[in-house]
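Now for the letters of each chain:
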Amino acid sequence: MADTEDGEGIEKRVQGATWTVLGGALVFVLMLFSLQCPHGEDGSRADYPKRTLPPEPEPVLLAGPEPSDDYFPCSDCHDETMKVDPERRAMEEDHEDIEVVHGDLWCLQCHSAEDRDSLQLADRTHVAFGESWKMCLQCHGQRRQDWPTGIHGKRTGHWWGPKEVRTCIECHDPHAPRFKAIEPLPPPRRPEAILSSTAAASSVPAQEVSDEP
Amino acid sequence: MNPDDPDAPKLDAKGASRRKFLRTAVAGAAALTGVGAATGMEFDVEAMFQGHFRELSREDLDRVLERLAKKYSARYAKDVKVSATGPIDGVVFGYGLDISRCIGCRKCVYACVDENNQSRDPQIQWIRVLEFEREKVMRGINLEDGNPYYDHEEVPAPDKVYLPVACQHCDDSPCTQVCPTGATWMEPDGIVVIDYDWCIGCRYCMAACPYGARKFNWAEPNLPAEDVNPNMHLLGNRPRGKGVVEKCSFCIQRVRDGRYPACLEACPVGARKFGNLLDPKSEIRQLLATKRTFVLKAELETHPKFFYFWG
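Parameters and conventions
- Residues numbered from 1 in each chain as written.
- Chains lettered and ligands numbered in written order.
- Predicted model: local features only at pLDDT ≥ 70, side-chain atom pairs only at ≥ 80, totals over all residues.
- Heavy atoms only, no water.
- Disulfide = S-S within 2.5 Å.
- Contact = heavy atoms within 4.5 Å.
- Buried area = accessible area lost by both parts, 1.4 Å probe.
- Salt bridge = Lys/Arg side-chain N within 4 Å of Asp/Glu carboxyl O.
- Polar contact = N/O pair within 3.5 Å; in protein donor to acceptor, adjacent residues only side chain to side chain.
- Domains from an automatic or database assignment.
- Helix = DSSP H or I, 4+ residues; strand = E, 2+ residues; numbered from the N terminus.
- Buried < 20%, exposed > 50% of the residue type's maximum accessible area, 1.4 Å probe, protein only.
- Pairing = 2+ DSSP bridges.
- pLDDT = per-residue confidence, 0-100.
- Phe/Tyr/Trp six-rings, centres within 6.5 Å; stacked < 30°, edge-to-face > 60°.

Residue and element names in this part refer to chain B. According to the stated counting rule, one finds zero disulfides over all chains in the structure shown. The thiol of Cys167 is not disulfide-bonded; the next cysteine sulfur, from Cys248, is found 5.5 Å away. Residue Cys251 stays outside any disulfide, its sulfur separated by 5.8 Å from that of Cys263, the closest cysteine.

Take a look at the structure:
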């Protein structure tokens, strides 16, 4: 019947189209392979010797900066003979060089009046100067989270391996913790300047500037 | 390199005969024209026809490294080591930079120059520190607004924000896709590297890079011998020649030995973070997990592995 013939005709055409699509897809896939193969899967060497990570050692916590020559224990002056004055006041006779720019703090909120060579936490427990970071982390909660994980603070050495972890006071002055402005290193040369220096290097005479109009 | 030399690494028959043929042909041509003798120019066949980094056999590679170490040691009168240390299994590198900390001091820029043997004159610097108006940057970063030439007596300058930019080591890197010679590609540890021997200086990669991270040697680089860092990697900080492109390699010569990049160690405010993206405990993963991070020109879908964050 004519209907059947038409049906077969359609079927054949559909089959033909399917093969064309499949064939096209195959050619496309082959093309992709031919594009990628010369460079390897990720463009890397196949014969890199296999390297794996050894277990990582614990980070080394730096104790703090070396005491400078003019450092001496607080108790050398603040001994039994010196009476503790807990009154909050400006230090006019001694320690006038220390300006506290750190919240609303003054000396005895961090320094212990009972044991002059240690610091005192809010709960009145004493900590050594070498562990001053315990002092800082009482208030600075975000740092308490970020410093141990390495997000805050400076580390040097190895991303995998021995590393030195700096405590707060190695970067921040506890009396005025905000970083001081510093002199930047020189800006990059502008492209014009680079071109002229290249010209000089290859001994091409620079264009002379004439005063005449 | 004499093929009859018993100490010479063994070549396959094809390689040996091809090299021998080339050497003979070039020597013959030089003798005919008198080029070699007249100019005193040494023509290094090995260097000229050296296989692509990715095609070299282990023996070929060792020989190339040895030749380069010898060449650079002589040139700079220093004991230069050139390595081709490979990637580490299970490591993909990522970088983080805390823009709330950066003060724009450019210490990273010059640490990078020293570590990576950049040309001093003409000046090449892989890191560019851009200065932005704080007001403006809060409404979105447009790199065009950044000024790399700021010259203040002290930084940070009031109401400014600083954004150091170098190679972003994109996971879908436009630069490697346009290279006609396959001289630049991404390594399995995510570092985008350049084989300086195969770079033909067409600068397509520079046009393709949306971050301006690639630098071109318009003239013969000038690197004083006393400033040379002798710890070199074939795909990183070995000296470049005129007419090739270079860029940040995450300090490949350091990080593949487990060390931090030089810029990170130079940063006085600890704004720079580095580590293994595949290790959930690494500094970079910790900051990705807990901080608000962004990448530059995210809309281009280059998928940088350099993340900026607000600490």
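With that out of the way, let us pick up the interface of chain A and chain B. Taken together, the contacts link 45 residues of chain A with 66 residues of chain B. Summed over both sides, the interface between chain A and chain B buries roughly 4,800 Å², with carbon and sulfur atoms accounting for 54% of that surface. Of all residues in chain A, the largest losses of buried area upon contact with chain B belong to Arg45(A), Arg51(A) and Trp159(A), amounting jointly to 18% of the total for that side. Across the chain A-chain B interface, the total number found is four salt bridges. In this structure, the connection of chain A to chain B is made through 24 residue pairs in polar contact (both at pLDDT 80 or more).

Turning to the domain arrangement of chain B, a few remarks are in order. All names here are of chain B. For chain B, the assigned domains are domain 1 (13–83) and domain 2 (87–311). Counting from both sides, the interface comprises 18 residues of domain 1 and, opposite them, 20 residues of domain 2. In total, about 1,600 Å² of surface goes out of reach between domain 1 and domain 2, with carbon and sulfur atoms giving 59% of it. Joining domain 1 to domain 2, the criterion identifies zero salt bridges. On inspection of domain 1 and its partner domain 2, the count reaches 11 residue pairs in polar contact (both at pLDDT 80 or more). Contributions of two or more residues to the side of domain 1 that touches domain 2 are made by helix H4 (58–76) and strand S1 (81–83). If one sorts the elements of the side of domain 1 that touches domain 2 by residue count, H4 sits on top with seven residues.

Take helix H5 (residues 107–115) of chain B next. The set of residues buried in H5(B) consists of Cys108(B), Val109(B), Ala111(B), Cys112(B), Val113(B) and Glu115(B). Where H5(B) ends, the next residue or the one after it, Asn117(B), has phi of about 55 degrees, a positive value.

The next thing to look at is the sheet that holds strand S1 (residues 60–61) of chain A. Residue and element names in this part refer to chain A. Reading across the sheet, the three strands line up as S1-S5-S4 and stay open at both edges, with mixed pairing between neighbours. A strand with exactly one partner marks an edge of an open sheet, and here the two such strands are S1 and strand S4 (155–157). The pairing of S4 with strand S5 (residues 163–165) spans three bridges and is antiparallel. Paired with Gly157 across the bridge in S5 is Lys163.

As a further point, take the confidence of the model for chain A. Residue and element names in this part refer to chain A. In this model, chain A carries a mean pLDDT of 77, and residues with pLDDT of at least 70 account for 65%. Counting contacts from residues 1–5, a segment whose pLDDT is below 50, to residues more than four positions away or on other chains yields zero contacts. Confidence drops under a pLDDT of 50 for residues 203–213, and excluding neighbours within four residues, the segment shows one contact in the predicted structure.

Under the defined criterion, the tally for this structure stands at 14 aromatic pairs over all chains. Arranged with centres 5.2 Å apart and planes meeting at 90 degrees, the rings of Trp159(A) and Phe93(B) form a pair that is edge-to-face. Placement of Trp159(A) in the loop between S4 and S5 and of Phe93(B) in strand S2 (residues 93–98) is noted, with the two residues assigned to different chains. The buried category is assigned to Phe93(B), whose relative accessible area is 1%. Ring centres 5.7 Å apart and planes at 65 degrees place the aromatic pair Tyr95(B) and Phe274(B) in the edge-to-face group. Pair noted here: Tyr95(B) is in strand S2 and Phe274(B) is in strand S10 (residues 272–276), with a separation of 179 residues, a long-range link. Each member of the pair, Tyr95(B) together with Phe274(B), is buried.

On to unusual backbone geometry, then. Residues and elements named next belong to chain B. In this chain, Asp121 is followed by Pro122 through a cis amide linkage whose omega measures 0 degrees. Assignment of secondary structure puts Pro122 in the loop between H5 and strand S3 (128–133). For Arg106, which is not glycine, the phi torsion reads 65 degrees and is therefore positive. Positionally, Arg106 belongs in the loop between S2 and H5. Here the phi dihedral of Glu301 falls at roughly 55 degrees; this positive angle occurs in a residue that is not glycine. The residue Glu301 is located in the loop between strand S11 (293–294) and strand S12 (306–309) in this model.

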